[in-house]
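Topology and contacts: notes
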Amino acid sequence: MTLLDSTALHGSLQDPVLGSLSFLNEVMGRYPDAISFAPGAPHPVFFADFDPDEYVQCFLDHLVRDRGLDRTAARRRLYEYGPSAGIITDLVGQALRDDHGIEVDPASVVITVGAQEAMFLVLRALFAHPGDVLAVADPCFVGILGAARLLEVPVVGVPEGTDGIDVDRLEQECRAARRAGGRVRALYVSPDHANPGGSRMSLRCRHRLLELADREDFLVVEDNAYGFTSPAHALLPPLKALDRSARVVSIGTFAKICFPGARVGYVLADQWVTDGSTGRRERFAAKLTAIKSMVTVNTSPLCQAVIGGMLLRHGGSLAELGRRRAGVYQRNLGHLLDALDRHVGTVEGSGISWNHPDGGFFVRVHLPVPADVDLLEVSAGQYGVLWTPMAQFYLGHDGDHQLRLSCSYLDPAQIEVGVQRLATFFRKEISA
């Protein structure tokens, strides 16, 4: 048998971030009867009567009616490799235009294998020099942290407050990078109900961030996976809709508003890339497409057809596609916050607190003790309730006393029982 020495493999494989998802799946597998607030997955009710064939047929009709293909050529379009940039770039571009007023050339859109591939492509293209630094909101989605570590991209954290990213601190990091002979090349941020922190960037903060990006010459990589869950009366424009100087690269996913098994996302990259020797220029999206052709070749045309059909059935609108889902998630979040107030709020002298987001999937709970793996084992094994330790989402140790609760995958009755179990766990193990 051939044995490989772990020290001879890439160093990122030793990073705990890469094992964070498999760890949670393993714990859930060992405690199948526990109520789990761990997965940030869409609610299964939306898949109960889901028929992908219906949406594929809708997309085929679109290819024949609107793109002039005959029926045989339309079907063949779904069974062959297809263009690396994707076959629904026009539909995605139109949706962004109609929903958010973003002027989109379909040539600036790349359809990716989920948002995760989009992050990987953007980082691979942007980070070319040893002094380039990626700034991220802290806490941060593990997907971007994992991609950065695989690509050996240095990362610096910028704290978030109730108003969103700390723009003043980000400016300090830009100056510090320059003093060290480098630069902040890009900032990754999720402005609406971020995973895992649940924070939301105010309109004032959005404008300040874009002004700083212009002054300090960095790009903003916007991940807007949860914006659709905002209350209708409190909707804010995505950063890309406010972008007047092509500073924002926008990443999106259909995992939450359609279904995650499709593994379809997109990246809108309308920046121009110029060749200094020839003067030739092309969209940044074209560069991402070239990388993608060497990574995944293309995103499954059949999966794109399902997503395209779902868009078409909802008037070509991302907002309409996510409307029913948003209602369920807003209901669940409200129930989780109410249950925490009723059950955990009565745990006297516990030192336990939590934030109160108005959208998204997640609530962040602060404990007076470390919310580590050992505590999670006690919670799951003795009290039948699972959650996610927040430490994996932080670059430092600020999350060691925090846990994340996700409400997306559960029904109100499960949330109620789960919070009751959580309160019992807190009362006996935390405040004892």
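Remember, it's a predicted structure, so these values are computed and weren't measured experimentally.

1. Re the overall build of the chain
Scanning the chain from N- to C-terminus turns up 14 helices and 16 strands. Since a compact globule built from 432 residues should have a radius of gyration of about 22 Å, the 22 Å found for the chain is in line with a globular shape. Dimensions of the chain, computed from C-alpha atoms along their principal axes, come out at roughly 70 × 60 × 55 Å. For the chain, restricting intrachain contacts to residue pairs at least 6 apart in sequence, the fraction spanning at least 24 positions comes to 72%.

2. Thoughts on a nonpolar patch on the surface
A cluster of nonpolar side chains, Leu 4, Leu 9, Leu 13, Leu 18 and Leu 150, forms an exposed patch at the surface whose accessible area comes to about 470 Å². You can see Leu 18 is positioned in the segment before α1 (20-30). Overall, Leu 18 belongs to the partly exposed group, its relative accessible area being 35%.

3. What to know about the sheet that holds strand β8 (residues 248-253)
One open sheet accounts for 8 strands, arranged β2-β9-β8-β7-β6-β3-β4-β5; its pairing is mixed. Either end of the sheet is taken by a strand with one partner, and the two such strands are β2 (109-112) and β5 (164-165). Both strand β4 (residues 155-161) and β5 contribute to a ladder of 2 bridges, which runs antiparallel. Residue pairing in the sheet places Gly 161 in a bridge with Gly 164 of β5. Running over the sheet, helix α10 (residues 284-295) touches β2, β8 and β9 (265-268) and is turned about 25° from β2.

4. Some words on the environment of Gln 116
Note that Gln 116 resides in helix α5 (residues 114-126). The sequence separation of Gln 116 and Arg 342 amounts to 226 residues, and the corresponding C-alpha distance is 37 Å. In this view, Gln 116 contacts Phe 141, Gly 143, Ile 144, Ala 147 and Arg 263; residues no more than four positions away in its chain are not counted.

5. Re the packing of α5 against α10
Where α5 contacts α10, the axes come no closer than 9 Å and their chain directions differ by 110°. Of the possible angle classes, the one that applies to α5 and α10 is roughly perpendicular. When you trace α5 past α10, the crossing you get is right-handed. The segment α5 lies against α10, with Glu 117, Leu 121, Val 122, Arg 124, Ala 125 and Leu 126 engaging Phe 284, Leu 288, Ile 291, Lys 292 and Val 295. Partitioned by chemical class, the residues of the contact of α5 with α10 number 8 nonpolar, no polar and 3 charged.

6. Digging into the layout of surface pockets
Taken as a whole, the second largest pocket holds about 650 Å³ of empty space. Breaking the lining of the second largest pocket down by element, the ones donating at least two residues are α4 (89-100), β8 and α12 (318-344). If one sorts the elements of the lining of the second largest pocket by residue count, α12 sits on top with 7 residues. Here the lining of the second largest pocket is built from residues that sort into 17 nonpolar, 10 polar and 5 charged.

Cut-offs and rules
Residues numbered from 1 in each chain as written. Predicted model: local features only at pLDDT ≥ 70, side-chain atom pairs only at ≥ 80, totals over all residues. Heavy atoms only, no water. Helix = DSSP H or I, 4+ residues; strand = E, 2+ residues; numbered from the N terminus. Rg over C-alpha atoms; globule rule 2.2 N^0.38 Å. Contact = heavy atoms within 4.5 Å. Patch = residues over 30% accessible without salt bridge, like charges linked within 9 Å, V, L, I, M, F, W, Y side chains within 5 Å. Areas by Shrake-Rupley, 256 points an atom, 1.4 Å probe, with all protein chains shown as cover. Salt bridge = Lys/Arg side-chain N within 4 Å of Asp/Glu carboxyl O. Buried < 20%, exposed > 50% of the residue type's maximum accessible area, 1.4 Å probe, protein only. Pairing = 2+ DSSP bridges. Axes fitted to C-alpha atoms, helices over the stretch in contact; angles between N-to-C directions. Parallel < 35°, antiparallel > 145°, perpendicular 65-115°, else oblique. Left-handed = near helix turned anticlockwise from the far one by under 90°. Nonpolar A, V, L, I, M, F, W, Y, C, P; charged D, E, K, R; others polar. 1 Å grid on protein atoms, 1.4 Å probe; cavity = no way out; pocket = protein on both sides within 12 Å on 5 of 7 lines; lining within 4 Å. Points joined across faces, edges and corners; volume = space filled by probe spheres on them.

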